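Structural overview
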Amino acid sequence: MESGRLRVLALGMYGPLAASTRYRLSQYVPGLASLGIDVDVRPMLDDDYIRHRFETGSVSLAQVIRGLASRAGQLARQNKYDLAWLQCEMVPFLPGRLEAGMLRIPYVYDVDDAFHVKYSTGRFAKFAPLLGHKFDHVYARATAVLAGNRTLCAHARRFNADCTIVPTVVDHRKYLPRHRSREPGVFNIGWVGSPSSIQCLKIIERPLMELARETRVRLSVVGGIAPPVEGVEVVNIRWSEDTEIEHIRMFDVGIMPLHDDPWTRGKCAFKLIQYMASGVPVIASPVGANVDVVTPDCGILAHSAAGWLDAFRTIRDNPDLGDVLGAAGRKKVDEKYSLEGQVPVVADILRRAAIGRGRP
């Protein structure tokens, strides 16, 4: 360390357009710098890759090759740093022993999704014989692990005792309370996410159709293209960092439906935290971190299609209750899910890791 400052190489998979990079790495840079920790965020795949993937649904081989070359260059310069901060995955389809072995400096591993099932379930299950236990090695070789929720932390602790729950948080000062003069006569149900998770909205299709027979319903989808729903005004909104919060402030209720499977159990309930930061009441499936974030004072957990319909009716018919739930949600984000509160936690983990303490 030069002049007592800690130099950290943050290796993200994607550029700042990816929420995981923005909220797990980049937003910490200013706060950590004020505490003497200089973080250099370096993605493998840049924003052009993300745009191409979302717009075409395909992978550009040229962009992948460029990304691999970029990652090789980052690793070649790793000795300039005191510590690496690995988020997500360093190189896709690379065996875990090789991935961990490519880091010659101590590293902390940051996980906010159930990556440990990436190569053992779903479309990549055919790689299970080679990669099914990839992340076991990445966990084990890390000096410390930052896990986005208790499900991920419990898995990580099977391989590394030094695991701390660090939820995905927001800079709550940027989130103003929701608009009180929302459009009368319209029940605006909001969802924020990525195209890859849009299929979760299928869970609420029937409840939305039932609700639309009773009142005018708008489904505002920020960041994806939702299919039509009979009787529902579906509005697909292009995601932009500059306008995301303003769209959230227009929601009467924010939702996070999830299928229950090994991947979704690793979800960190981040969109719920965003809604709550703006004082929006929430409804969510009781899966993963949703059950920790959504408590009766700030929202409703819907266990079935009938439960979703009842929850929608409750928020629609009781606007004062919605305000009370929203206010409680804002308070909870301020106390438990704010960037300001987590910066010192992350700083402590990074410092301990850099001086070699905490290695299991």
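As a reminder, the structure under discussion sits directly above these lines.
The present account deals with the structure reproduced in this document. (Residues numbered from 1 in each chain as written. Predicted model: local features only at pLDDT ≥ 70, side-chain atom pairs only at ≥ 80, totals over all residues. Heavy atoms only, no water.)

When its secondary structure is counted, the protein chain shows 15 helices and twelve strands. Against the compact-globule benchmark of 21 Å for 360 residues, the protein chain has a radius of gyration of 21 Å, which places it among compact chains. C-alpha atoms of the protein chain, sized along the principal axes, occupy 65 × 40 × 35 Å. A buried classification covers 53% of the 360 residues belonging to the protein chain. In the protein chain, once contacts between residues fewer than 6 apart in sequence are set aside, the share between residues at least 24 apart is 71%. With 46 positive and 39 negative side-chain charges, the protein chain shows a separation of 5 Å between the mean positions of the two kinds. (Helix = DSSP H or I, 4+ residues; strand = E, 2+ residues; numbered from the N terminus. Rg over C-alpha atoms; globule rule 2.2 N^0.38 Å. Buried < 20%, exposed > 50% of the residue type's maximum accessible area, 1.4 Å probe, protein only. Contact = heavy atoms within 4.5 Å. Lys, Arg positive; Asp, Glu negative; His and termini not counted. Charge placed at Lys NZ, Arg CZ, Asp CG, Glu CD.)

Counted according to the given criterion, the structure contains 25 salt bridges. Residue R173 pairs with D171 through a salt bridge whose shortest N-O separation is 3.0 Å. The residue R178 makes a salt bridge to D323 at a minimum N-O spacing of 2.8 Å. Placement of the pair is R178 in the loop between β6 (163–165) and β7 (186–192) and D323 in helix α14 (residues 319–336), with a sequence separation of 145 residues. Judged by relative accessible area, R178 falls into the buried class, the value being 4%. D323 gets classed as partly exposed once you look at its relative accessible area, which sits at 24%. Among the ionic contacts, a cluster of salt bridges with common partners joins E214, D310, R313, R316 and D317. (Salt bridge = Lys/Arg side-chain N within 4 Å of Asp/Glu carboxyl O.)

In this structure, the second largest pocket occupies an estimated 280 Å³ of space. Taken together, 13 residues form the lining of the second largest pocket, with R22, Y23, Q27, K174 and E241 sitting closest to its centre. When its residues are assigned to classes, the lining of the second largest pocket shows six nonpolar, two polar and five charged. (1 Å grid on protein atoms, 1.4 Å probe; cavity = no way out; pocket = protein on both sides within 12 Å on 5 of 7 lines; lining within 4 Å. Points joined across faces, edges and corners; volume = space filled by probe spheres on them. Nonpolar A, V, L, I, M, F, W, Y, C, P; charged D, E, K, R; others polar.)

Time to look at the sheet that holds strand β4 (residues 107–111). Here six strands make up an open sheet; going across it, the order is β2-β1-β3-β4-β5-β6 and the pairing parallel. In the strand order of this sheet, the two ends are held by β2 (37–45) and β6, each with one partner. Within the sheet, the average angular offset between the axes of one strand and its neighbour, ignoring direction, is 20 degrees. The sheet contact formed by strand β3 (residues 83–87) and β4 spans four bridges and is parallel. Paired with A84 across the bridge in β4 is Y107. Sitting on the sheet, helix α7 (residues 134–141) touches β3, β4 and β5 (144–147), and the angle it makes with β4 is about 135 degrees. Where helix α15 (residues 339–354) meets the sheet, its contacts fall on β1 (6–14), β2, β3, β4, β5 and β6, and the angle it forms with β3 comes to roughly 125 degrees. (Pairing = 2+ DSSP bridges. Axes fitted to C-alpha atoms, helices over the stretch in contact; angles between N-to-C directions.)

Right, let's talk about helix α11 (residues 270–277) for a bit. Across the eight residues of α11, eight count as buried, placing the element largely inside the fold. Residues of α11 that are buried: F270, K271, L272, I273, Q274, Y275, M276 and A277. Once α11 finishes, G279 follows within two positions and takes phi at roughly 75 degrees, a positive value.

Once that is clear, we can look at the packing of α11 against α14. For any two helices packed against each other, the geometry comes down to the angle between their axes and how far apart the axes lie. Running from N to C, α11 and α14 cross one another at 115 degrees; their axes reach a closest spacing of 7 Å. By the criterion of interaxial angle, the relationship of α11 to α14 is roughly perpendicular. In the packing of α11 onto α14, the handedness of the crossing is left-handed. Counted together, I273, M276 and A277 of α11 and G326, G329, R330, K332 and V333 of α14 form the full contact between these two elements. Taken together, the residues of the contact of α11 with α14 sort by class into four nonpolar, two polar and two charged. (Parallel < 35°, antiparallel > 145°, perpendicular 65-115°, else oblique. Left-handed = near helix turned anticlockwise from the far one by under 90°.)

This paragraph deals with α7. K134, F135, D136, V138 and Y139 are the residues of α7 that are buried. At its buried positions, α7 is contacted by β3, α5 (96–101), β4, α6 (128–131), β5 and α8 (150–156).

Distances and angles like these do not, on their own, reveal function.
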